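# A structural walkthrough
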Amino acid sequence: LVSYKGPDILVKSVPIIMNRNPDIMVVLVGDGRLRRYLENLTKEMSIQNRIIFTGVIGENLKPLYYKAADIFVRWIKRSKRGKGFKVIKTAMGRCFHFSAT
């Protein structure tokens, strides 16, 4: 959970997403300098019941998380191509990759 991956953008987007999907659950996998800030932010925004912080997970568990997810979101604030996000939507065990900048 580091700033260049933009987890704060996803957290701040949750109330907007909840307008269309009130049952949304966000799972943030990993650890890093922003974790405490993000946990506090979810409390300030009263969305702590919508976000799960797993901490670091083993490589063997990642496929289970991907399979359980409806979508996978990865924001890149800085990269060689500029900023943007990637969404990988999983359906019936297949991945569909969407990118935007």
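Residues numbered from 1 in each chain as written. Predicted model: local features only at pLDDT ≥ 70, side-chain atom pairs only at ≥ 80, totals over all residues. Heavy atoms only, no water.

Another aspect to go through is the overall build of the chain. Along its length, the chain carries 3 helices and 5 strands. Beginning at the N terminus, the succession of helices and strands in the chain can be written as α-β-α-β-α-β-β-β. Classification of the 101 residues of the chain by burial places 25% in the buried group. In the chain, of all internal contacts separated by at least 6 residues, the share reaching a separation of at least 24 is 55%. (Helix = DSSP H or I, 4+ residues; strand = E, 2+ residues; numbered from the N terminus. Buried < 20%, exposed > 50% of the residue type's maximum accessible area, 1.4 Å probe, protein only. Contact = heavy atoms within 4.5 Å.)

Turning our attention to helix H1 (residues 7-20). In this model H1 runs 20 Å from its N-terminal to its C-terminal C-alpha over 14 residues, within 8% of the 20 Å that 1.5 Å per residue would give. Within H1, the axis deviates most sharply at valine 14, by approximately 40°, and proline proline 15 lies no more than four positions further along. Taken as a whole, H1 has its buried residues at Pro7, Asp8, Val11 and Val14. The inward-facing, buried residues of H1 abut strand S1 (26-29), helix H2 (35-44) and strand S2 (51-55). (Expected span 1.5 Å × (residues − 1). Bend = angle between axes of the 7 residues up to and from the residue.)

What follows deals with the pairing of S1. What you see with S1 is a clean split: Val26 and Leu28 sit on the buried side and Val27 and Val29 on the side with no burial. Strand direction decides the pairing type here: S1 and S2, joined by 4 bridges, are parallel. Looking at the pairing, valine 29 lines up with glycine 55 of S2. In this region the chain leaves S1, passes through H2 and returns to the parallel neighbour S2; the handedness of that crossover is right-handed. (Pairing = 2+ DSSP bridges. Right-handed = clockwise from strand over helix to strand, strands pointing away.)

A positive phi angle, near 55°, is found at serine 46, a position not held by glycine. Judged by its relative accessible area of 56%, serine 46 is exposed.

Here the focus is the environment of arginine 36. Turning to its location among the elements, arginine 36 is positioned in helix H2. Classification of arginine 36 as exposed rests on a relative accessible area of 65%. Residues arginine 36 and leucine 1, spaced 35 residues apart in sequence, show a C-alpha to C-alpha distance of 9.7 Å.

Before going further, it helps to spend a moment on H2. Buried within H2 we find Arg35, Leu38, Leu41 and Thr42. For H2, the buried positions fall inside an angular range of 120° around the axis, keeping them on one side. The outward face of H2, more than 90 degrees from its buried face, is lined by the exposed residues Arg36, Lys43 and Glu44. (Arc of directions from axis to C-beta.)

Take the pattern of salt bridges next. Counted by the stated rule, this structure contains 3 salt bridges. A salt bridge links aspartate 31 to arginine 35, with the nearest nitrogen and oxygen atoms 3.9 Å apart. We note a salt bridge from arginine 35 to glutamate 39, for which the minimum N-O separation is 3.0 Å. Within this pair, arginine 35 and its partner glutamate 39 are both found in helix H2, separated by 4 residues, close to a single helical turn. Residue glutamate 39 is classed as partly exposed on the basis of its relative accessible area of 25%. Put simply, Asp31, Arg35 and Glu39 are held in one network by salt bridges that share partners. (Salt bridge = Lys/Arg side-chain N within 4 Å of Asp/Glu carboxyl O.)

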